[in-house]
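# Topology and contacts: notes
Each chain is listed here by its residues.
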Amino acid sequence: MPSFLPRSTPAAQRVDPAAILSFLDAVDGRPDLEMHSLMVVRHGRVVAEGWWAPYSARRPQLLYSLSKSFTSTAAAFAQADGLLDLDDTIVSHFAEFAADITDPRSRSMRVRHVASMASGHTRDMLGEAVMRDPEEPVRGFLLIPPDRDPGTVFAYNQPCTYALASIIQRQAGMPLTGYLRPRLFDPLGIGPVGWHTFPPGREQGFSGLHARTEDIAKLGLLYLQQGWWEGTQLIPAKWVAEATSERISNPGEANPDWRQGYGYQFWMSRHGYRGDGAFGQFCVILPEQDTVIVTTAYTTDMQAVLDAMWAHLLPGIGTVSAAAGSAHDQLSARLAHLELPACPGEPAPVDWRPWTSGLFTIASTAGTWVQPFLTSIEVAPRGGGWQISLIEPANTLTFPVGTGDWTISDHADRHGETIPVAASGGWLDGHTLRAEVIFLETPHRMDITCTLPGRTAQAVWRHPPLNPSKLEHLHCPG
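A brief structural summary. (Residues numbered from 1 in each chain as written. Predicted model: local features only at pLDDT ≥ 70, side-chain atom pairs only at ≥ 80, totals over all residues. Heavy atoms only, no water.)

Moving on, we get to the sheet that holds strand β2 (residues 45-51). Across the sheet, 6 strands lie side by side as β2-β1-β13-β12-β11-β10; this open sheet has antiparallel pairing. At either margin of the open sheet sits one strand with a lone partner, and together these are β2 and β10 (267-268). Pairing of β10 with strand β11 (residues 273-277), which is carried by 2 bridges, proceeds in the antiparallel orientation. Its bridge partner being in β11, Met-268 is matched across the sheet by Tyr-273. Where helix α1 (residues 17-28) meets the sheet, it contacts β1 (33-42) and β2, and its direction lies at approximately 165° from that of β1. Packing against the sheet, helix α11 (residues 302-313) makes contact with β1, β11, β12 (281-286) and β13 (291-299), and its axis sits at approximately 35° to β12. (Pairing = 2+ DSSP bridges. Helix = DSSP H or I, 4+ residues; strand = E, 2+ residues; numbered from the N terminus. Contact = heavy atoms within 4.5 Å. Axes fitted to C-alpha atoms, helices over the stretch in contact; angles between N-to-C directions.)

Counting buried positions along strand β20 (residues 432-439) yields 7 of 8 residues, so the element is predominantly enclosed. Linkage of strand β19 (residues 418-429) to β20, two consecutive antiparallel strands, is achieved through a turn of 2 residues. In the sheet, β20 pairs with strand β21 (residues 445-451) via 7 bridges, with the strands oriented antiparallel. Residue pairing across strands places Arg-434 opposite Thr-449, the latter belonging to β21. Remark: 5 residues form the turn of the hairpin made by β20 and β21, two consecutive strands paired antiparallel. (Buried < 20%, exposed > 50% of the residue type's maximum accessible area, 1.4 Å probe, protein only.)

Let us look at the nonpolar core. Membership of the largest hydrophobic core comes to 119 residues, with the highest contact counts inside it found for Ile-90, Phe-141, Ile-168 and Leu-184. Aside from chain neighbours lying at most four places away, what touches Leu-184 is Phe-70, Thr-73, Phe-77, Leu-219 and Leu-222. Of all hydrophobic cores here, the second largest spans 29 residues; its members include Ala-423, Leu-433, Trp-461 and Leu-471. (Core = buried A, V, L, I, M, F, W, Y, C linked by side-chain atoms within 4.5 Å.)

Here the focus is empty space enclosed by the protein. Evaluation of the coordinates by the stated rule reveals 1 cavity of 30 Å³ or more. The space that makes up the largest cavity amounts to roughly 50 Å³. Forming the walls of the largest cavity are His-36, Ser-37, Trp-51, Tyr-55, Ser-56, Arg-59, Pro-60, Gln-61, Thr-213, Thr-296 and Leu-440. For the lining of the largest cavity, the per-class residue count stands at 4 nonpolar, 6 polar and 1 charged. (1 Å grid on protein atoms, 1.4 Å probe; cavity = no way out; pocket = protein on both sides within 12 Å on 5 of 7 lines; lining within 4 Å. Points joined across faces, edges and corners; volume = space filled by probe spheres on them. Nonpolar A, V, L, I, M, F, W, Y, C, P; charged D, E, K, R; others polar.)

This next bit is on the packing of aromatic side chains. One pass over the full model with this rule turns up 21 aromatic pairs. The interplanar angle of 20° and the centroid separation of 5.3 Å between the aromatic rings of Phe-94 and Phe-97 together place this pair among those described as stacked. Note on accessibility: Phe-94 and Phe-97 belong to one class, buried. Joined through ring pairs, the aromatic side chains of Phe-154, Tyr-156, Trp-258, Tyr-262, Trp-267 and Phe-282 make up one cluster. Lying over the aromatic face of Trp-258, Arg-274 brings its terminal NZ or CZ to 4.2 Å of the ring centre. (Phe/Tyr/Trp six-rings, centres within 6.5 Å; stacked < 30°, edge-to-face > 60°. Lys NZ or Arg CZ within 6 Å of the ring centre and 35° of its normal.)

Next up on the list: unusual backbone geometry. Glycine aside, the phi torsion of most residues is negative, and most peptide linkages are trans. The linkage connecting Ala-53 with the following residue, Pro-54, adopts the cis geometry, with an omega of 20°. One can find Pro-54 in the loop between β2 and β3 (61-62). You will see that Met-117, though not glycine, has its phi angle at about 55°, which is positive. Using a relative accessible area of 1% as the deciding quantity, one classes Met-117 as buried. The backbone phi angle of Gln-226 is positive, close to 60°, even though this residue is not glycine. Along the polypeptide, Gln-226 turns up in the loop between α9 (213-224) and β8 (228-229).

On to the packing of helix α2 (residues 67-80) against α9, then. Two elements in contact, α2 and α9, have axes whose closest approach is 11 Å; the angle formed by their N-to-C orientations is 45°. Regarding the angle of α2 to α9, the classification is oblique. As for the relative orientation of α2 and α9, their crossing is left-handed in sense. Residues Ser-69, Phe-70, Ser-72 and Thr-73 of α2 pack against Asp-215, Leu-219 and Tyr-223 of α9. (Parallel < 35°, antiparallel > 145°, perpendicular 65-115°, else oblique. Left-handed = near helix turned anticlockwise from the far one by under 90°.)

Quick look at the pattern of salt bridges now. One pass over the structure, following the stated rule, counts 29 salt bridges. Where Arg-139 meets Asp-133, a salt bridge forms, and the shortest distance between an N and an O atom there is 3.2 Å. What makes Arg-139 partly exposed here is its relative accessible area of 23%. When its relative accessible area of 11% is taken as the criterion, Asp-133 is described as buried. Look at the salt bridges and you will find they share partners, linking Glu-34, Arg-434, Glu-436, Arg-445, Asp-447 and Arg-462 into a network. (Salt bridge = Lys/Arg side-chain N within 4 Å of Asp/Glu carboxyl O.)

Before going further, it helps to examine the sheet that holds β3. Two orientations exist for strands paired in a sheet by backbone hydrogen bonds: parallel and antiparallel. Taken in spatial order, the 3 strands line up as β3-β7-β4 in an open sheet, and their pairing is antiparallel. The open sheet has two free edges, formed respectively by β3 and β4 (194-195), since each of these has just one partner strand. Across 2 bridges, β3 lies against strand β7 (residues 209-211) in antiparallel orientation. For Gln-61, the partnering residue across the bridge sits in β7 and is Ala-211.

The subject of this paragraph is the state of the cysteines. Per the stated rule, a full pass over the model turns up 0 disulfides. The structure places no disulfide on Cys-343, whose sulfur is separated from the nearest cysteine sulfur, that of Cys-450, by 12 Å. The thiol of Cys-476 is not disulfide-bonded; the next cysteine sulfur, from Cys-283, is found 18 Å away. (Disulfide = S-S within 2.5 Å.)

Residue position: Gln-387 is located in strand β16 (residues 385-392). Residue class for Gln-387 comes out buried when judged on its relative accessible area of 16%. A polar side-chain atom of Gln-387 sits 3.1 Å from a polar atom in the side chain of Arg-382. With near-sequence residues (within four places) excluded, Gln-387 lies in contact with Glu-378, Val-379, Ala-380, Arg-382, Thr-398, Phe-399, Pro-400 and Val-401. (Polar contact = N/O pair within 3.5 Å; in protein donor to acceptor, adjacent residues only side chain to side chain.)

This brings us to α2. Taking 1.5 Å of rise per residue, 14 residues should cover 20 Å, and α2 covers 20 Å from first to last C-alpha, within 8% of that figure. Across the 14 residues of α2, 12 count as buried, placing the element largely inside the fold. Here α2 has its buried residues at Ser-67, Lys-68, Ser-69, Phe-70, Thr-71, Ser-72, Thr-73, Ala-74, Ala-75, Ala-76, Phe-77 and Ala-78. Looking one or two places after α2, you find Gly-82, whose phi comes out positive at around 80°. (Expected span 1.5 Å × (residues − 1).)

Function cannot be inferred from these measures alone, as they are strictly geometric.
Take a look at the structure:
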């Protein structure tokens with residue numbers, strides 16, 4: 001059953017609430033940085049937490065590559081269960097195509113190499129691996145000879161993690177979520193999660209996990225506590241030490257917090273270490289401060305989130321200012337009222353006929369991130385408000401749109417899948433309406449414009465999902 005971490009106040013755990021306020025000022029002051037949640041845990045207690053509405057505590061979030069740290073944890077259990085050894089060669093776990101792998105470097109690649117992104121390749125090869133073998137990307141991966149000897153060079157390479165995840169699932173005879181449920185999720189009190197799959201039907205490992213902010217914090221706390229949880233050593237302390245220290249150097253990375261070295265599916269940071277995922281999904285573990293910091297967000301400048309942590313939040317851990325009392329009240333009010341601004345626009349027109357007399361056809365626009373499968377949009381009145389239908393081949397997603405605020409809809413499409421969205425919008429003038437749609441179990445937002453008299457529409461992502469997919473897939477699976 002889901003459970004919650006104990007709560008406390010920042011000052012009681014010697015965290016300056018003014019430092020958290022300063023961090024919030026820094027991230028909210030950047031228009032290119034959209035925060036979705038924040039949780040700060042010190043001495044095992046949550047001292048600050050907040051969600052920018054319409055995001056909320058109860059909804060799982062697509063973690064992107066932060067999923068890798070959960071895969072690392074599955075590997076810790078698999079090693080303890082005797083399902084794998086770090087010195088096993090990858091090909092030894094795939095005997096059915098071992099004869100196809102003739103390159104000596106590919107044959108010498110070991111579990112510890114893929115766990116540390118040190119396969120010997122010098123680039124991410126996910127697309128190449130799938131092209132080589134769409135039905136078994138591990139085979140496609142191993143068919144591409146490494147550029148260097150395994151263990152000698154770092155390259156952030158998704159097939160490395162997929163190979164690790166595939167070995168665990170093959171040896172365990174079940175998906176990662178099934179394997180982790182009794183070993184990790186249940187002991188930590190983590191409720192339902194979902195993990196997207198990849199050919200041939202395995203859970204991805206390298207991405208695709210959906211979990212809640214507090215679930216992420218619990219994983220970070222488990223590692224902070226050296227694998228110990230409520231009287232039980234869940235994962236070996238030796239694994240924690242090895243996974244969260246430098247296994248391979250990566251001085252060529254562009255950003256300072258990405259060139260501190262890499263462990264087993266964990267990044268080393270200028271302070272502590274972390275798991276992270278695209279667009280600002282972070283689990284930052286600070287052993288010296290006995291602290292875990294979790295964020296979910298949308299930004300293409302992930303370094304900016306860490307910079308704000310180091311400049312504003314970190315100095316306040318372990319100290320409390322004289323003004324902590326008033327700062328605590330300000331922080332509590334701030335965290336309780338976090339929200340993303342709604343889309344501006346006027347209420348629906350009195351005369352609906354021009355807007356309901358046909359579909360709006362999607363117009364392609366050069367240089368924009370359009371949803372590739374979307375064909376048309378329908379606008380219609382709904383009660384005292386209005387709704388939009390996004391139409392793709394064989395599926396339609398319909399949801400109400402709020403005017404001046406967000407309207408949240410847990411919509412079931414024609415396949416019975418629930419796709420939570422929040423929408424706001426309105427009319428810019430007599431012939432143009434605009435809406436923004438947030439897919440609440442992902443970091444992603446779509447901007448929609450419908451225009452008369454040509455009945456054309458645009459549906460453009462702020463930034464598209466990393467794996468182009470139909471709208472029906474933009475939610476927590478299962």
